[in-house]
Amino acid sequence: MLILCNRAFFRDVLADCEAGKVAERTLIKAVEALFVFVRSDIATSAARTYGLDWRRAFPMHELLNSPLPRVQNFVRHRLLPAFNRQ
């Protein structure tokens, strides 16, 4: 449930950013906060125990295809490299 809710939340905030209603930095801070959590010991342990795939909490397709350069940069330079190492 947490994974689905976060992915939907990020999609909504991304749409607001692209519409100019919310600052791009607001989305990046939210994505960064979840990113830090999913890399924590407790989240890693939960993923292992319950078979969670934290990558699914992030709408990667939408983030990568966003016209917002800072969002694309964050995904390409922070999220993808970290998740590809797993």
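Residues numbered from 1 in each chain as written. Predicted model: local features only at pLDDT ≥ 70, side-chain atom pairs only at ≥ 80, totals over all residues. Heavy atoms only, no water.

1. Details of the packing of aromatic side chains
- In the structure shown here, the tally under the stated rule is 6 aromatic pairs.
- Measuring from centroid to centroid gives 6.5 Å for Phe35 and Phe74, while their planes differ by 80°, and the two rings are edge-to-face. Note that Phe35 is positioned in helix α2 (residues 24-38) and Phe74 in helix α5 (residues 69-84), a separation of 39 residues in sequence.
- With a relative accessible area of 11%, Phe74 lands in the buried category.
- Relative to Phe83, the ring of Phe58 lies with its centre 5.6 Å away and its plane at 50°, an arrangement referred to as tilted. Pair noted here: Phe58 is in the loop between α3 (41-50) and α4 (60-64) and Phe83 is in helix α5, with a separation of 25 residues, a long-range link. Comparing Phe58 with Phe83 shows no difference in burial state: the two are buried.
- Ring-pair connections join several aromatic residues into one group, and the members of that group are Phe9, Phe10, Phe35, Phe58, Phe74 and Phe83. (Phe/Tyr/Trp six-rings, centres within 6.5 Å; stacked < 30°, edge-to-face > 60°. Helix = DSSP H or I, 4+ residues; strand = E, 2+ residues; numbered from the N terminus. Buried < 20%, exposed > 50% of the residue type's maximum accessible area, 1.4 Å probe, protein only.)

2. Section: the nonpolar core
- Among the nonpolar cores identified, the biggest contains 25 residues, and Leu27, Val31, Phe58, Leu63, Val71, Leu79 and Phe83 are the most heavily contacted of them.
- Every element with two or more residues in this core is listed here: α1 (2-18), α2, α3, α4 and α5.
- When residues no more than four places from it in sequence are discounted, the contact partners of Leu79 are Val31, Phe35, Phe58, Met60, Leu63 and Phe74. (Core = buried A, V, L, I, M, F, W, Y, C linked by side-chain atoms within 4.5 Å. Contact = heavy atoms within 4.5 Å.)

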